[in-house]
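# Breakdown of the fold
Given next are the chains, with one letter for each unit.
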Amino acid sequence: MGLKTHQLKNPYNDNIFIRMKGKPVLEAKGVNKFFHSPVKTQVLKEVTFQITRGEFVSVMGKSGCGKSTLLYILSTMDTDYEGSLWIDEELVTEKSPNHLSKIRNQKIGFVFQFHYLLNEFSVLENVMIPGLKLDQKSRQELEHIAMEKLKIFDMQDHALKKAYQLSGGQKQRVAVARALMNDPLIIMGDEPTGNLDKKNSDIVFNIFKELAEEFHQTMLIVTHDPEFAAGTDRIIEMEDGYIINQ
Amino acid sequence: MKIGLIVNIAKALMLARFKQTFIAAIGVVFSITMFVALLGFMNGLNQLLDGLILNRTPHIRFYNEVKPNPNQPIDLSEKFTGFYNIIRSIKPAASRLSIHNNEPIIKTLKEDPRVLGVAPKISAQVFYNVGTIDITGVINGIDVEQEAALFAFEDYVTAGNFMDLKNTANSVILGKGAADRIMAELGDVIQATTAQGNRIQLKVVGYYQSGLGDLDNVQSYASINTTQKMLGESASYITDIQVKLRDFELAPSMAREYREIFGIDADDIQTVNAQFETGTQIRTLISYAVGITLLVVSGFGIYNILNMMIYEKMDTIAILKAIGFSGGDVNKIFITIALTIGVFGGFIGLFFGFLAGLGIERIPFETEALPTIKTFPVDFNPKYYIIGGIFSLITTYFAGYFPARKASGVDPVDIIRGK
Ligand SMILES: Nc1ncnc2c1ncn2[C@@H]1O[C@H](COP(=O)(O)OP(=O)(O)OP(=O)(O)O)[C@@H](O)[C@H]1O
Ligand SMILES: [Mg+2]
């Protein structure tokens, strides 16, 4: 298992990539997050950090320190926070829900711990849906792109299966393919290997690594796995709602 | 954003819960079927019952009322002009029941573009002499052809041929009730005495049955000529002019207009038969109420199923939102599901409703009172199909509205965290 280099078509021209390296993709400034029930507790405290283009960043920290909470805010799904958030140099704090939906669709690819595929659809359709939603290319083109994404993960033979007919590891590979569908600015993952056995977790881990190396894909991945973290460009360490090291 | 994707997702969700979706659609089919069949049947009956009276009733009837002369001699006396004169126990003058100058009146009416047709008539009180007893009755002298053309006279002649009335001299078509009472068979000759004392022999050439027992017990028909001869009057003697209009809504205003011009009494159909309108309206109202109740109930079925679907498909909704679908998109998906159920259910319902109408129309319905009716009447007016179709869309839309709003408000973080 691994990338089939002959199939790779780097979506980013290397020159452009190099020129753009250093541009901030994601920036959080003084983000505070409170939960009000059962009692008011502050889960994120003055979180401030930046991710630049092409970086492969992991987030580590003890259970309950606020990693998932942070990721939901960064992915624009949670808008109930203090502080400000820039995505692609655009301030997204206080933007309308519809606008945030568009940003999620176009610029963010999300991979969950539990593979969250749409069971009503085939594998190919699952991968295509973000593209169909974006609605910038014809259906044939999108089918072709989706197939290419599946090939990266060696899942092309399963394209016509229904999502629920796959194994856990296969589902997660499809989920990553889906996250890549619109060539997003950044991929965010919340313990994407957390629910997989060693073998599958290695496969998915390798996928991320190769995405970083071959495609220079910007990624922000929450993980408990020190080995995984060690393979990334940068580790953001959290404790009790603070970033203690980045 | 393409509507195609919304429809695709809606379709996938429906297929995933095909059984429930199907049952919701059956609810709509059933209620629309009932709605259309019920309204068609009810209105068929309405038209039948109204027709009994309204088809037989002229839209405007001109006649002379027996009443006292408004110019009493005392008013002419110079001696009492300054007084307020009260006369008790006034008697009607021997004024003529006959309509004076009826030929120009009929001509004027026939030339009015609003008028469909005019039929003159004579009402004559008679006694049928049966052995030693006299039985009262009314003989209507009619213009047979006009009466048939305007008031479907032939439909109510249940025995014999109505044209014999015109072709046979001194003939009569007896009301079925009257015929039974005087025990007259077809071809018999009966004797009648008019109020003025003239005696006449009449040949029974048919029975008349309107379906209204009271009417059939007294009313009989003869040609105008026969009736004039019977009464010993001239060929210009006519007591009623019946008018049928193209649009019967105009009857009250036209009755008023011509009452002034001709100086005779005129009754319009609305005033005479106000209670029939009311009955019809109430029956229609009840059928609409029942039909709409059915639709609302099926609406709750759709509401339930969509709610259930939303609970089951929370994950799907959360993923869709996470990958960039807005609340509005999710809303559209569930509204699409609701409307699809409404459109398909409604369409099939209309079709089944039509079949049900055809079925009801075949059920034999024979009754003594309604001689022209052999099966149940059904009204296939497209109006009910259009209303049924629109209502099915409206109710399913509202049934989908609240669940869809709920789905669009789902917070993906809650769902993803909850896993
Ligand atoms: N909806 C909520 N209401 C109240 N408190 C919450 C809610 N969601 C999370 N928390 C609390 O916020 C804190 C951070 O939770 P979060 O899920 O971000 O932790 P985490 O770092 O992702 O942990 P893990 O590694 O176990 O996934 C926890 O103490 C949790 O109990
Ligand atoms: Mg977590």
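Residues numbered from 1 in each chain as written. Chains lettered and ligands numbered in written order. Predicted model: local features only at pLDDT ≥ 70, side-chain atom pairs only at ≥ 80, totals over all residues. Heavy atoms only, no water.

### Topic: the site of ligand 1
Rules: The rule for a residue being near a molecule or strand is that one of its heavy atoms must lie within 4 Å of it. Whenever a nitrogen or oxygen atom comes within 3.5 Å of another N or O atom, the pair is scored as a polar contact, on the condition that within protein one atom can donate a hydrogen and the other can accept it, and that pairs from neighbouring residues in sequence are kept only if both atoms are in side chains. Accessible surface is estimated by sampling points in the Shrake-Rupley manner with a 1.4 Å probe; for residues, cover comes only from the protein chains shown. Under the DSSP-based scheme used, a helix requires at least four consecutive residues in state H or I and a strand at least two consecutive residues in state E, with every element numbered from the N terminus. The residue classification treats Ala, Val, Leu, Ile, Met, Phe, Trp, Tyr, Cys and Pro as nonpolar and Asp, Glu, Lys and Arg as charged. All others, Gly included, are polar.
Near ligand 1 you find 13 residues, and of these S63(A), G64(A), K67(A), S68(A) and T69(A) are the closest. More than one chain reaches ligand 1: its neighbouring residues belong to chains A and B. Separating an oxygen atom of ligand 1 from a backbone N or O atom of G66(A) is a distance of 3.0 Å. The separation between an oxygen atom of ligand 1 and a polar side-chain atom of E191(A) is 3.3 Å. Considered on its own, ligand 1 offers 640 Å² of accessible surface; in the complex 66% of this is hidden by protein. A per-element tally of the shell around ligand 1 places helix 2 (residues 67-74) of chain A first, with three residues. Looking at the shell around ligand 1 residue by residue, the class counts come to three nonpolar, seven polar and three charged.

### Observations regarding unusual backbone geometry
Both trends apply: most residues other than glycine have a negative phi, and most peptide bonds are in trans. Residues and elements named next belong to chain A. Our working rule: With a 1.4 Å probe rolled over the protein chains alone, any residue whose accessible area is under 20% of its type maximum counts as buried; one over 50% counts as exposed, and the rest are partly exposed.
Here the amide bond leading from S37 into P38 is cis, since omega sits at 0°, within 30 degrees of zero. In this structure, P38 sits in the loop between strand 1 (24-35) and strand 2 (41-52). Not every positive phi belongs to a glycine, and D135 is a case in point at roughly 60°. Structurally, D135 can be placed in the loop between helix 4 (123-134) and helix 5 (139-152). The exposure class of D135 is partly exposed, given its relative accessible area of 27%. Even without being glycine, H216 reaches a positive phi, approximately 50°. The partly exposed category is assigned to H216, whose relative accessible area is 22%.

### Let's talk about the packing of aromatic side chains
All names here are of chain B. Selection rule: The aromatic pairing rule takes the rings of Phe, Tyr and Trp, using the six-membered ring of Trp, and pairs them if the centres are within 6.5 Å, calling planes under 30 degrees apart stacked, those over 60 edge-to-face and the rest tilted.
With the rule as written, the count across this model stands at 25 aromatic pairs over all chains. Centre to centre, the rings of F18 and F22 are 5.7 Å apart; their planes meet at 25°, and the pair counts as stacked. Residue F18 and its partner F22 are both found in helix 2 (residues 18-54); the two are separated by four residues, about one turn of the helix. Using a relative accessible area of 49% as the deciding quantity, one classes F18 as partly exposed. On the accessibility criterion, F22 (45% relative accessible area) is partly exposed.

### What about the domain arrangement of chain B?
We count it as follows: Domains are outlined according to an automatic or database domain assignment.
Segmenting chain B into domains produces domain 1 (2-54 + 276-418) and domain 2 (60-68 + 98-271). Distance from the C-alpha centre of domain 1 of chain B to the C-alpha centre of domain 2 of chain B: 51 Å.

### With respect to the confidence of the model for chain A
All names here are of chain A. Short version of the rule: Confidence of the prediction at every residue is given by pLDDT, a number between 0 and 100. Residue contacts are defined here by distance: any two heavy atoms, one from each residue, within 4.5 Å place the two residues in contact.
Confidence along chain A averages 85 in pLDDT terms, with 91% of residues attaining 70 or more. The weakest mean pLDDT in chain A belongs to helix 1 (residues 14-20) at 45; the strongest belongs to strand 4 (residues 82-87) at 93. Below pLDDT 50 for its whole length, residues 1-19 participates in 33 contacts with residues either more than four positions away or in separate chains.

### Structural notes on the side chain of Q217(A)
Here Q217(A) lies in the loop between helix 7 (198-215) and strand 8 (218-222). A polar contact is formed between the side chain of Q217(A) and the backbone oxygen of P184(A), at a distance of 3.2 Å.

### Some remarks on the interface of chain B and chain A
Spelled out, the test is: By convention, the term buried area covers the 1.4 Å-probe accessible surface removed from two parts as they join, with the contributions of both added. The working definition used for a salt bridge is a side-chain nitrogen of Lys or Arg within 4 Å of a carboxyl oxygen of Asp or Glu.
Tallying the contact residues gives 27 residues for chain B and 23 residues for chain A. For the chain B and chain A pair, buried surface summed over both sides reaches about 2400 Å², with 66% attributable to carbon and sulfur atoms. For chain B, the biggest contributors to the area lost against chain A are I319(B), I323(B) and I416(B); these three give 25% of the whole. On inspection of chain B and its partner chain A, the count reaches two salt bridges. The partner of K313(B) in a salt bridge is E120(A), and the shortest N-O contact between them spans 2.7 Å. At the level of elements, helix 1 (3-16), helix 13 (314-322) and helix 16 (412-418) of chain B are the ones that each hand at least two residues to the side of chain B that touches chain A. The residue inventory of the side of chain B that touches chain A, partitioned by class, reads 15 nonpolar, four polar and eight charged.

### Digging into the sheet that holds strand 2 of chain A
All names here are of chain A. So the rule is basically this: Think of it this way: DSSP has to see at least two bridges between two strands before they count as a pair. Angular values range over 0 to 180 degrees, each being the angle between N-to-C directions of two axes fitted as lines to C-alpha atoms, with helices fitted over their stretch in contact.
Across the sheet, four strands lie side by side as 2-1-4-5; this open sheet has antiparallel pairing. Taken across any chain shown, the strands that pair with only one partner, and hence form the sheet edges, are strand 2 and strand 5 (90-91). Where strand 4 meets strand 5, two bridges bridge the pair, whose relative direction is antiparallel. Considered in strand 5, the bridge of I87 is made with E90. Sheet contacts for helix 2: strand 1, strand 2 and strand 4; angle to strand 2, the most-contacted strand, approximately 60°.

### Some remarks on the side chain of D78(A)
Relative to the helices and strands, D78(A) resides in the loop between helix 2 and strand 4. On the basis of relative accessible area, D78(A) is assigned to the buried category, the value being 11%. Side-chain polar atoms of D78(A) contact the backbone nitrogen of D80(A), separated by 3.0 Å. Residues in contact with D78(A), not counting those within four places in the same chain, are K33(A), Y72(A), I73(A) and V413(B).

### Re the sheet that holds strand 7 (residues 186-190) of chain A
Residue and element names in this part refer to chain A. With respect to topology, six strands assemble into an open sheet ordered 6-7-8-3-9-10, the strand pairing being mixed. Looking at the sheet topology across the chains shown, the edges are occupied by strand 6 (108-111) and strand 10 (242-245). In this sheet, adjacent strand axes meet at a mean angle of 25° when their direction is disregarded. Two elements, strand 7 and strand 8, share five bridges in a ladder whose sense is parallel. Residue pairing for strand 8: I187 is matched across the bridge by M219.

### With respect to helix 4 (residues 102-111) of chain B
Residues and elements named next belong to chain B. For clarity, the cut-off: Directions are taken from the helix axis to each C-beta atom, and the arc is the one they span.
When helix 4 is considered as a whole, its buried residues turn out to be N102, I105, I106 and L109. Down the axis, helix 4 shows its buried residues gathered within 95° of arc, on one side only. Away from the buried face of helix 4 by more than 90 degrees, exposed residues E103, K107 and E111 are located. For helix 4, the secondary structure elements touched by its buried residues are strand 1 (60-63), strand 2 (115-130), strand 9 (240-245) and helix 10 (251-262).

### Observations regarding the pattern of salt bridges
Per the counting criterion, the structure on display carries 21 salt bridges over all chains. As a salt-bridge pair, R53(A) and D88(A) come within 3.8 Å of each other at their nearest N and O atoms. Residue R53(A) is found in the loop between strand 2 and strand 3 (56-61), and its partner D88(A) is found in the loop between strand 4 and strand 5; the two are separated by 35 residues along the sequence. A residue is classified by how much of its surface remains accessible, and R53(A), at 11% relative accessible area, is buried. Linking R17(B) and E312(B) is a salt bridge whose minimum nitrogen-to-oxygen distance equals 2.2 Å. Linking R17(B) in the loop between helix 1 and helix 2 with E312(B) in helix 12 (residues 274-312), this pair joins segments that are 295 residues apart in sequence.

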